[in-house]
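Reading the structure
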Amino acid sequence: STSLDASIDRREILRGIAGVAFGTVATAFDGKPASASYSAYTARENDWQQRQENGEVQYSTARDLKKALREVAPMNSEKSKVFCPNGMSSAVSPLQENK
C-alpha cells in the first residue's frame, strides 16, 4: 500500500510541475493575434522587385540543381545506389521512422 501511495504522490507532483510549466508558458504568450501593416507588405514587394531588377534573384531548373548536387556530393550518383528489395529505408526500424 505504501508503494502505491508513493507512486500516486509522484504522479501528483509531476502533474503539479507540468501544470505550473504549462501555466508559465501560457502566460508568456498572451495570445495576441499576429498583425502586419500594409507598408511592411509593400516594402517587401519593392525589395523583391529591386532584387529581381539587379539580377540578385536567380532561378534554377531541376537539371541545374541536379548538376550542382553531383558537384557537391559525387558519392550520391545513380551508380552508387544498390537495389534493395525492401525499399530505400530497409535498415530503418518502425521505431526510427518519423511518420
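Refer to the structure above for everything that follows.
On a predicted model such as this, the values are computed, not experimentally measured, just so you know.

Moving on, we get to the overall build of the protein chain. What the protein chain contains, in helices and strands, is three helices and zero strands. For the protein chain, the residues scored as buried account for 3% of the 99 residues in total.

With that settled, consider a nonpolar patch on the surface. On the surface, Ile13, Leu14 and Ile17 cluster together to form a nonpolar patch covering roughly 320 Å² of accessible area. Mapped onto the secondary structure, Ile17 falls in helix 1 (residues 2-28).

Taking 1.5 Å of rise per residue, the 16 residues of helix 2 (residues 38-53) would be expected to cover 22 Å, and the 23 Å separating its terminal C-alpha atoms lies within 8% of that figure. Following helix 2 by one or two positions, Gly55 has its phi on the positive side, about 80 degrees.

Summed over the entire model, instances satisfying the criterion amount to one aromatic pair. A ring pair is formed by Tyr38 and Tyr41, whose centres lie 5.9 Å apart and whose planes are at 35 degrees; its orientation type is tilted. With Tyr38 and Tyr41 both in helix 2 and three residues apart, this pair spans about one turn of that helix. Residue Tyr41 is classed as partly exposed on the basis of its relative accessible area, which comes to 41%.

Reading the values: the criteria
Residues numbered from 1 in each chain as written. Predicted model: local features only at pLDDT ≥ 70, side-chain atom pairs only at ≥ 80, totals over all residues. Heavy atoms only, no water. Helix = DSSP H or I, 4+ residues; strand = E, 2+ residues; numbered from the N terminus. Buried < 20%, exposed > 50% of the residue type's maximum accessible area, 1.4 Å probe, protein only. Patch = residues over 30% accessible without salt bridge, like charges linked within 9 Å, V, L, I, M, F, W, Y side chains within 5 Å. Areas by Shrake-Rupley, 256 points an atom, 1.4 Å probe, with all protein chains shown as cover. Salt bridge = Lys/Arg side-chain N within 4 Å of Asp/Glu carboxyl O. Expected span 1.5 Å × (residues − 1). Phe/Tyr/Trp six-rings, centres within 6.5 Å; stacked < 30°, edge-to-face > 60°.

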